[in-house]
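Summary of the model geometry
These are the residues of each chain, in order.
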Amino acid sequence: MKTMRHCALAYGLSVVLPAALALLMLGLDPGTATGPVPVPPVEAGRREATPAVPLLLLSVTVVVALAHLAGAAARRLGQPRVIGEMAAGILLGPSLLGAVWPQAHHALFPAAVMPYLNLLAQFGLAFFMFLVGLELRGDLLRGRGRIALVCGQASVAVPFALGVGLALVIYPPLAVASVGFPAFALFIGAALSVTAFPVLARILLERGMFHTPTGALTVTCAAIADVTAWLLLAVAITMAKDSSPAGALRTLGLTAAFAAVMAGAVRPLLTRLLRRGLSQEATLPVVVVGLLVSGLLTELIGIHLIFGAFLFGVLFPRDGDVRLRRVRERTQDVTTSFLLPPFFAFVGLNTQVGLLGGDPAMWAWCLLILVVAVAGKVGGVAAVAGPMGVPGREAARLGVLMNCRGVTELVILSIGLGLGLITQALFTMLVIVALVSTAATAPLLGLLDRWDARRDRPGGGAWREDPGGTRAVRRPA
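Calculation rules
Residue positions are counted from 1 within each chain, in the order its sequence is given. Totals for whole chains, interfaces and linings use every residue, but because this is a predicted model, local features are given only for residues with pLDDT of at least 70 and side-chain atom pairs only at 80 or more, for both listing and counting. Excluding hydrogens and water, the side-chain figures rest on all heavy atoms present in the structure. pLDDT gives the predictor's per-residue confidence on a scale running from 0 to 100. For helices the rule is a DSSP run of H or I covering at least 4 residues; for strands it is a run of E covering at least 2, with both sets numbered from the N terminus onward. Only heavy atoms enter the contact rule, under which two residues are in contact if any of them lie within 4.5 Å. Classification of residues uses two cut-offs on accessible area relative to the type maximum, computed with a 1.4 Å probe and protein chains only: under 20% is buried, over 50% is exposed, and between them is partly exposed. Whenever two N or O atoms come within 3.5 Å, that pair is a polar contact, provided that in protein one can donate a hydrogen and the other can accept it, and provided that, for residues adjacent in sequence, both atoms are side-chain atoms. Within this analysis, patches are made of residues with over 30% relative accessible area and no salt bridge. Like charges are joined at 9 Å or less; nonpolar side chains (Val, Leu, Ile, Met, Phe, Trp, Tyr) at 5 Å or less. Accessible areas in this description were obtained via Shrake-Rupley with a 1.4 Å probe; residue shielding takes into account the shown protein chains only. One speaks of a salt bridge when a side-chain nitrogen belonging to Lys or Arg is within 4 Å of a carboxyl oxygen belonging to Asp or Glu. Any cysteine sulfur atom paired with another within 2.5 Å is treated as part of a disulfide. Centre distance within 6.5 Å is the pairing criterion for rings of Phe, Tyr and Trp, where only the six-membered ring of Trp is used; planes under 30 degrees apart are then read as stacked, over 60 as edge-to-face, and the remainder as tilted. Throughout this description, the term nonpolar core refers to a set of buried Ala, Val, Leu, Ile, Met, Phe, Trp, Tyr and Cys residues connected via side-chain atoms within 4.5 Å. As a rule, the C-alpha atoms of each element are fitted with a line to give its axis, helices using only the stretch in contact, and angles between N-to-C directions run from 0 to 180 degrees. Reported orientations rely on four angle classes, namely roughly parallel under 35 degrees, roughly antiparallel over 145, roughly perpendicular from 65 to 115, and oblique for the rest. Two helices that cross are described as forming a left-handed crossing if the nearer one is turned anticlockwise from the farther one by less than a right angle, and a right-handed crossing if clockwise. Nonpolar residues are Ala, Val, Leu, Ile, Met, Phe, Trp, Tyr, Cys and Pro. Charged residues are Asp, Glu, Lys and Arg, and all others, Gly as well, are polar.

Averaged over the protein, the pLDDT score is 81; the fraction of residues at 70 or greater is 87%. Looking across the protein, the model is least confident in strand 1 (residues 463–465), with a mean pLDDT of 36, and most confident in helix 18 (residues 424–439), with 92. When the criterion is pLDDT under 50, residues 43–49 qualifies, and its contacts beyond four places in sequence or with other chains add up to 19 contacts. Overall, residues 460–477 carries pLDDT values under 50, and its contacts beyond four positions in sequence, including any with other chains, amount to 26 contacts.

Residue position: Asn 350 is located in helix 14 (residues 321–350). Taking relative accessible area as the criterion, Asn 350 reaches 2% and is therefore assigned buried. Polar contacts involving the side chain of Asn 350 include one to the side chain of Gln 424, which spans 3.0 Å.

Turning our eyes to something else, we now look at a nonpolar patch on the surface. Judged by side-chain polarity, Leu 9, Leu 13, Leu 17, Leu 21 and Leu 24 come together as a nonpolar surface patch covering roughly 500 Å² of accessible area. Mapped onto the secondary structure, Leu 17 falls in helix 1 (residues 2–26). For Leu 17, a relative accessible area of 41% corresponds to the partly exposed category.

Turning our attention to the state of the cysteines. Evaluation of the coordinates by the stated rule reveals zero disulfides. The cysteine Cys 151 is free of any disulfide, with Cys 221 supplying the nearest cysteine sulfur at 4.9 Å. For Cys 151, a relative accessible area of 1% gives the class buried.

Now for the packing of aromatic side chains. Per the stated rule, a full pass over the model turns up six aromatic pairs. Taken together through their ring pairs, the aromatic side chains of Phe 130, Phe 312 and Phe 316 make up a single cluster.

If you look at the biggest cluster of nonpolar residues, it comprises 151 residues, and the most contacted ones within it are Phe 184, Phe 343 and Leu 426. By residue number, the principal contributor to this core is helix 7 (residues 145–174), which donates 15 residues.

The next subject is the pattern of salt bridges. One pass over the structure, following the stated rule, counts three salt bridges. Across the pair Glu 85 and Arg 81 runs a salt bridge whose closest N-O atoms are separated by 3.9 Å. With Glu 85 and Arg 81 both in helix 3 (residues 81–92) and four residues apart, this pair spans about one turn of that helix. Given a relative accessible area of 10%, Glu 85 falls into the buried group.

This part covers helix 9 (residues 197–206). The buried fraction of helix 9 is high, at seven of 10 residues. Among the residues of helix 9, those classed as buried are Phe 197, Pro 198, Val 199, Leu 200, Ala 201, Ile 203 and Leu 204. With its phi angle positive at about 70°, Gly 208 sits one or two positions after the end of helix 9.

Turning next to the side chain of Ser 437. As for its position among the elements, Ser 437 is in helix 18. At 2.8 Å, the side chain of Ser 437 and the backbone oxygen of Val 433 are in polar contact. In this structure Ser 437 touches Asn 403 and Arg 405, once residues within four positions along its chain are discounted.

Contact geometry for helix 10 (residues 213–241) and helix 13 (residues 305–315): axes closest at 11 Å, N-to-C directions at 150°. When the axes of helix 10 and helix 13 are compared, the pair comes out roughly antiparallel. The handedness of the crossing between helix 10 and helix 13 is left-handed. For the pair formed by helix 10 and helix 13, the contact residues are Val 227, Trp 230, Leu 233, Ala 234 and Ile 237 on the first element and Ile 306, Phe 307 and Phe 310 on the second. A per-class count over the contact of helix 10 with helix 13 returns eight nonpolar, no polar and no charged.

Written out as structure tokens, the structure reads:
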């Protein structure tokens, strides 16, 4: 009974209270937005007489090659490959290549190829979100108890409330008058709440933590957090696309009906197909057609195609693990090696560090967003995990891991930019936050490991290595 009371108290303080505060702040008036009008996504470049197909082949070749080289370099530095791939897109954009060698930048990304590059990026997003949904296995969401539920939802509620509070401050100087505060605040809150589930799983596997108690708890919390954050984003997109309450409710109702049909009709149909011996050759076309149709339907409903692809992955039956594993491997190979690099390039083309320039105020806003984002995830998760019975060092690791944002954050930011919810200056700040928070995950885990190693030595944390390297001696008090 005492444990139940502690759980209820932790849930109320870490989930219900932040959510209530966020709802109250959404009704406040932050003032009039005076930020710059957002320009159309992606720098247009100049018109070329060269046919688009050769230009597209050249652009994609350079993008894919540089993404893989940068990913390999990141692995050598102890970072996930995705850090290098994200950085490669920024290197090809106006922040570096466009500033250092503008002729090469315009030659690689002229106006003629941008619609095709954007199309490849959208396909990359659809397949990536299908894989994210496929990783959210049902057994990860069951049997983990109250700790995973409270920590997972707290990892969204706390940064979401802080994000809405941050939106009150940054709305006047950084938002545009055409964007209402509720939609803007919901988007900022959702963007700061997300955890990059695939990147997180990859880090856990690379560090041998995936099957440890901490790894299992982290994966479960991330699964709960991702589903919650995507629901919040869907609400933000609905409000941005249709400001009338009736229109927003209609879109949300159609979304709920779509999810119900997918769970009640499509999933049982796929289960029967797999159990009746659907061949390996036929399974992959079924997956491709299914995720594309799901994306199309969510686009027609009025929310982004990624939600349909994500839901199709979540609900795809796990019968026939061998076939599913082969489908996952083949889909992942094509997605990571060919379809995602154009998305990173597309993000990089819209990331213009030069917009921040030498203005201390802009960099101060960027630093504030970074502090709020990290404090919301690391502090919020670690603070609630301790009272729930998680040891202090494991609670710290859980908070650091949940702060990993990766590609998932970029997906959300690209949607916000495309809808005109944020300007390119704010987009650039949030991309920097995503890169820094993701890149900091591995070093912070290493720091915690070294700290634990020192504490576990005889005599506690006051031990250091002898300069000769042969024995440990006590550090002077």
